[in-house]
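Each chain, letter by letter, is given below.
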Amino acid sequence: MLKKERLFTPGPTALLPQAQAAMAAMTLHHRTAEFRAVVTQTLQRLQRFLDTRNEVLLLASSGTGAMEAALTNVTSPGERVLVLSAGKFGERWEKLAQAYGLLVDLVQLPYGESFGAAQVKGRLSGANAPGVVMVQASESSTGCKHDIEAIAKAARAEKADVLILVDGITGVGTQALEIDAWELDMVVGGSQKAVMMAPGLAYLSVSERAWAAMEAAKTPRFYFDLRRERKSQAQGETAFTPAIGLIAALNAALEYIEGLGGRAGLTANAEALGAATRAALGALGLKRFGQGQPSGALTAIEMPAGLDAGLVVKGLRQQFGSVVANGQGEMKGQMIRVAHLGYYDFAETLSLIAQLEIVLAQLGKLETAKLGTGVAAAQRYFLAETGGQKASAKG
Ligand SMILES: *Cc1c(COP(=O)(O)O)cnc(C)c1O
């Protein structure tokens with residue numbers, strides 16, 4: 001049977017055709033007025049997308065590069081930092097900080113739990129308290145989001161000038177994230193997540209407080225020196241050769257996202273697909289992984305007892321061309337992770353639920369009488385959300 005390859009992985013995610021086309025069509029040299037106009041427009045759109053007064057910069061790297069840039073530009077070796085970690089990406093902040101000789105105060109929660117104010121309280125007071133807090137908005141390895149508003153407010157209440165660095169790589173475009181109102185100093189994003197394009201480009205917003213901290217920061221940096229990028233990007237240039245095609249793709253993707261109502265519209269879409277997926281899980285007697293707040297970016301579906309997630313990943317891939325992610329690290333085998341962030345619609349979410357039912361039935365983990373019950377729950381969610389209106393009645 002014919003099958004189409006479809007990515008349901010929480011990075012890289014499904015590609016927007018308009019972004020692909022823009023990338024393929026881009027032939028400009030970067031030191032030209034035409035390309036400077038593209039960079040300037042992309043940065044303006046990115047700032048609108050992030051809905052912040054803070055400056056926004058583009059970097060040619062994966063998301064981790066921008067995490068590294070955030071960290072190295074505002075710290076000095078030997079400095080204490082607070083890392084909140086409840087998954088593989090929390091551990092990335094920890095490892096990054098250690099690699100640059102920072103002293104890490106580590107707050108850990110079990111995989112699948114969510115951070116809030118309670119985990120910050122009492123950790124930022126006193127003369128020797130950490131000057132930087134690092135956290136994920138959405139922890140893609142567990143499918144849980146953290147309460148960034150509560151964390152930021154609790155941190156700032158204890159230490160007014162603390163720097164708050166947020167890995168928003170799957171949190172941007174999938175959950176509320178008020179950069180200015182919550183005073184988030186640096187928020188990092190990546191191209192292969194909610195902005196619907198290929199990997200290779202990262203972006204971050206930088207507050208005035210963070211710019212000021214850079215003057216005193218002593219951690220070595222060169223390629224990721226944000227002060228140099230700031231000067232260049234203000235002129236529509238980048239310090240080094242930019243990822244020209246990827247910037248053209250991002251510009252096209254952001255234009256498309258503006259048509260969806262910007263980041264708020266994109267977030268509402270991802271959250272609805274997540275809620276529909278959870279409704280299906282409930283009807284099928286499946287659970288999502290962990291006890292934390294569900295992320296809008298993805299759903300981590302716990303496997304029934306005795307079933308290796310690898311078999312489900314393989315079944316979906318071989319029979320339907322659908323690519324979902326296995327668990328990461330020691331969570332491998334326990335779950336599949338299904339993306340909602342970026343370019344996903346209800347039709348393909350419904351289809352994936354139907355495919356999952358088939359694969360579970362084949363593996364003897366779903367009675368055939370239950371086929372369709374997850375799909376039906378998602379269908380009911382859709383009808384309830386749209387008020388049951390007929391497609392023909394209101395376009
Ligand atoms: C994907 C992801 C990253 C970065 O991954 P790269 O492979 O460096 O792009 C970091 N944090 C989170 C939460 C992610 O989902």
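Predicted, not measured: the structure shown is a model, and the values here were computed from it.

The next point concerns the overall build of the protein. Of the regular secondary structure elements, the protein holds twelve helices and 15 strands. Taken against the 2.2 N^0.38 rule, which gives 21 Å for 395 residues, the C-alpha radius of gyration of the protein at 21 Å falls within 12% of a compact globule. In terms of its C-alpha atoms, the protein occupies a principal-axis envelope of roughly 65 × 50 × 35 Å. Per-residue burial for the protein yields a buried fraction of 55% across its 395 residues. For the protein, restricting intrachain contacts to residue pairs at least 6 apart in sequence, the fraction spanning at least 24 positions comes to 72%.

The ligand sits among 13 residues. The nearest are Ser62, Thr64, Ser140, Asp167 and Lys193. Side-chain polar atom of Thr64 to an oxygen atom of the ligand: 2.4 Å apart, as the coordinates give it. Taking Asp167, its side chain carries an N or O atom lying 2.6 Å from a nitrogen atom of the ligand. Protein contact buries 87% of the 380 Å² of open area that the ligand shows by itself. The greatest single-element share of the shell around the ligand, amounting to three residues, is contributed by helix H3 (residues 63-74). Of the residues in the shell around the ligand, the class split is three nonpolar, seven polar and three charged.

Once that is clear, we can look at H3. The end-to-end C-alpha separation of H3 is 18 Å, in line with the 16 Å expected for twelve residues at 1.5 Å each. Across the twelve residues of H3, ten count as buried, placing the element largely inside the fold.

As a further point, take unusual backbone geometry. Cis geometry marks the peptide bond from Gly11 to Pro12, where omega comes out at -15°. Summarising the element assignment, Pro12 is placed in the loop between strand S1 (6-7) and helix H1 (17-25). At Asp51, a residue that is not glycine, the phi angle is positive and equals roughly 55°. On the secondary structure map, Asp51 appears in the loop between helix H2 (33-50) and strand S2 (55-60). Positive phi, close to 55°, is recorded for Glu183, a residue that is not glycine.

Right, let's get into the pairing of strand S5 (residues 132-136). With respect to burial, S5 is a largely interior element, five of its five residues being buried. Side chains Val132, Met134 and Gln136 of S5 all project onto a buried face; the interleaved residues Val133 and Val135 project onto the opposite face, where all are buried too. Across three bridges, strand S3 (residues 80-85) lies against S5 in parallel orientation. Counted as the bridge partner of Leu82 is Val133 from S5. Where S5 lies against strand S8 (residues 163-167), five bridges are found, and the strand directions are parallel. Paired with Val133 across the strands is Ile164, a residue of S8.

The next point concerns the pattern of salt bridges. Applying the stated criterion across every chain, the model contains 19 salt bridges. Residue Glu183 pairs with Arg156 through a salt bridge whose shortest N-O separation is 3.5 Å. Here Glu183 is found in the loop between S8 and strand S9 (186-190), whereas its partner Arg156 is found in helix H5 (residues 148-158), with 27 residues between them in sequence. We classify Glu183 as partly exposed; its relative accessible area is 35%. Arg156 gets classed as buried once you look at its relative accessible area, which sits at 12%. One network of salt bridges, with partners in common, ties together Arg156, Glu183, Asp185 and Arg209.

Tracing the chain through its elements places Thr277 in helix H9 (residues 262-284). Under the relative-accessibility criterion, Thr277 is labelled buried at 5%. A distance of 2.7 Å separates a polar atom in the side chain of Thr277 from the backbone oxygen of Leu273. When near neighbours in sequence (up to four residues on either side) are disregarded, Thr277 contacts Thr299, His340, Thr349 and Ile353.

What counts and how
Residues numbered from 1 in each chain as written. Predicted model: local features only at pLDDT ≥ 70, side-chain atom pairs only at ≥ 80, totals over all residues. Heavy atoms only, no water. Helix = DSSP H or I, 4+ residues; strand = E, 2+ residues; numbered from the N terminus. Rg over C-alpha atoms; globule rule 2.2 N^0.38 Å. Buried < 20%, exposed > 50% of the residue type's maximum accessible area, 1.4 Å probe, protein only. Contact = heavy atoms within 4.5 Å. Near = heavy atom within 4 Å. Polar contact = N/O pair within 3.5 Å; in protein donor to acceptor, adjacent residues only side chain to side chain. Areas by Shrake-Rupley, 256 points an atom, 1.4 Å probe, with all protein chains shown as cover. Nonpolar A, V, L, I, M, F, W, Y, C, P; charged D, E, K, R; others polar. Expected span 1.5 Å × (residues − 1). Pairing = 2+ DSSP bridges. Salt bridge = Lys/Arg side-chain N within 4 Å of Asp/Glu carboxyl O.

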